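Structure at a glance
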Amino acid sequence: MPDETIAGRAKDVFFQHISHDIRGAYFGVASICAIVYEKVVSGEEVPLPVAQSLIEASRYYKYLLDQFLEFTRSKIDAVEEVQEEPFDPLVEVRHIVELNRHLAEEKGIGVDIRVDGAFPRNILTDKWKITRIFYNVFVNALKFSPPGSRILIGFALETGHWILKVSDQGKGIPPEKLERLTLSLQTERPIDNPEGKGLGLFITGYLTRLVGGEVSVESTPETGTSFLFRFPLKS
């Protein structure tokens, strides 16, 4: 398949995925606005938690819009190009966790971040791609984790690589579905219908390969699922 055809499909997939995220964030803001409107019309006070939820949902919406604008401004003609810059992944991970705090609290899900040893504050990598990778996996874990469970985010180092691991305590993935999921993560180029295999995780695997990383997934039914990313360490 010609490179320009592959790049064109990649752009289409990225736009579909980011558009999906933005629509979801918009409906989050709109639903809280509807609650505020109903209370104002009925003469009720708007509870502080509802107002806080609206602020948090708005911040989350703005974050996704900023991501979209960054992509269209600098990445649209070079989807497969890696643009490296000094980047602290721990700071961005904490930012994304905070943006999704309301959703986690609604479901009673705890989020723990653990750093194994001395983790570097600046790593040379593609910030936009790493951010999307974590966002995809973390939000997916939030969606499918049961109430009262916990999500563990781990950072570690090994020779020549830095490690990011996201583990949940959800229902896990049956072996036959896990096999299809692994195939989606490892597909070497954009496929005709990535949505059929899970668009977010397809993008996750695709971005991971672009930055020279590897991803593996382990899952046990009724116990949970873990995604482990191994990225080149350039400081």
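Report on the accompanying structure. All values reported here derive from a predicted model rather than from experimental measurement. (Residues numbered from 1 in each chain as written. Predicted model: local features only at pLDDT ≥ 70, side-chain atom pairs only at ≥ 80, totals over all residues. Heavy atoms only, no water.)

Considerations on the overall build of the protein
This is how the line gets drawn: Counting from the N terminus, the helices are DSSP H or I runs at least four residues long and the strands are E runs at least two residues long. Buried residues are those whose accessible area, probed at 1.4 Å on protein chains only, stays under 20% of the maximum for their type, while exposed residues exceed 50% and partly exposed ones sit between those limits. Residues are treated as being in contact if the distance between any of their heavy atoms lies within 4.5 Å. Each accessible area value is a Shrake-Rupley result obtained with a 1.4 Å probe; residue values ignore everything except the protein chains displayed when judging cover.
A tally of regular secondary structure across the protein gives seven helices and seven strands. Mapped in sequence order, the helices and strands of the protein form the string α-α-β-α-α-β-β-α-β-β-α-α-β-β. The buried share among the 235 residues of the protein stands at 42%. When contacts within the protein are restricted to residue pairs at least 6 apart in sequence, those whose partners lie at least 24 apart make up 74%. Of the roughly 12,300 Å² of accessible surface on the protein, 54% is carried by carbon and sulfur atoms.

Describing the nonpolar core
Heads up, the rule is: Definition used in this section: a nonpolar core is a set of buried Ala, Val, Leu, Ile, Met, Phe, Trp, Tyr and Cys residues joined via side-chain atoms within 4.5 Å.
Phe134 and Ile153 are the most contacted members of the largest nonpolar core, which has 47 residues in total. When residues in this core are grouped by element, the largest group, ten residues, is from helix α5 (residues 127-144). Formed by five residues, the second largest nonpolar core is a distinct cluster that contains Ile32, Val36, Val50 and Ala57.

Quick word on the sheet that holds strand β4 (residues 150-158)
Note the following rule: At least two bridges found by DSSP between two strands are what make those strands a pair. Only the stretch in contact is used when fitting a helix axis, every axis being a line fitted to C-alpha atoms; angles between N-to-C directions are given from 0 to 180 degrees.
Reading across the sheet, the five strands line up as β2-β4-β5-β7-β6 and stay open at both edges, with mixed pairing between neighbours. Each of the sheet's edge strands pairs with one partner strand only, and the pair in question is β2 (110-115) and β6 (214-220). When strand polarity is set aside, the average angle formed by the axes of neighbouring strands in this sheet is 15°. Each of β2, β4 and β5 (161-167) touches helix α3 (residues 89-99); the most contacted strand, β2, lies at about 175° to it.

Quick notes on the packing of aromatic side chains
Here is the rule: Side-chain rings of Phe, Tyr and Trp, where Trp is taken by its six-membered ring, are said to pair if the distance between their centres is within 6.5 Å; with planes under 30 degrees apart they count as stacked, over 60 as edge-to-face, and otherwise as tilted.
This structure, assessed with the given rule, holds six aromatic pairs. Both rings, one in Tyr26 and one in Tyr61, keep their centres 6.3 Å apart while their planes meet at 55°; by these two values the pair is tilted. With Tyr26 in helix α1 (residues 3-41) and Tyr61 in helix α2 (residues 48-74), the pair connects residues that are 35 residues apart, well separated along the chain. We classify Tyr26 as partly exposed; its relative accessible area is 42%.

Here we look at the packing of α3 against α5
Applicable threshold: By definition in this entry, angles of less than 35 degrees are roughly parallel, angles greater than 145 are roughly antiparallel, angles of 65 to 115 are roughly perpendicular, and the rest are oblique. For any pair of crossing helices, the crossing counts as left-handed if the nearer helix is rotated counterclockwise from the farther one by less than a right angle, and right-handed if it is rotated clockwise. Under this grouping Gly is polar, as are all residues other than the nonpolar Ala, Val, Leu, Ile, Met, Phe, Trp, Tyr, Cys and Pro and the charged Asp, Glu, Lys and Arg.
In the contact formed by α3 and α5, the axes pass within 10 Å of each other and the chain directions differ by 40°. With respect to α5, the axis of α3 lies oblique. The crossing of α3 and α5 is right-handed. Between α3 and α5, the residues in contact are Glu92, Val93, Ile96 and Val97 and Lys127, Thr131, Phe134, Tyr135 and Phe138, respectively. Looking at the contact of α3 with α5 residue by residue, the classes come out as six nonpolar, one polar and two charged.

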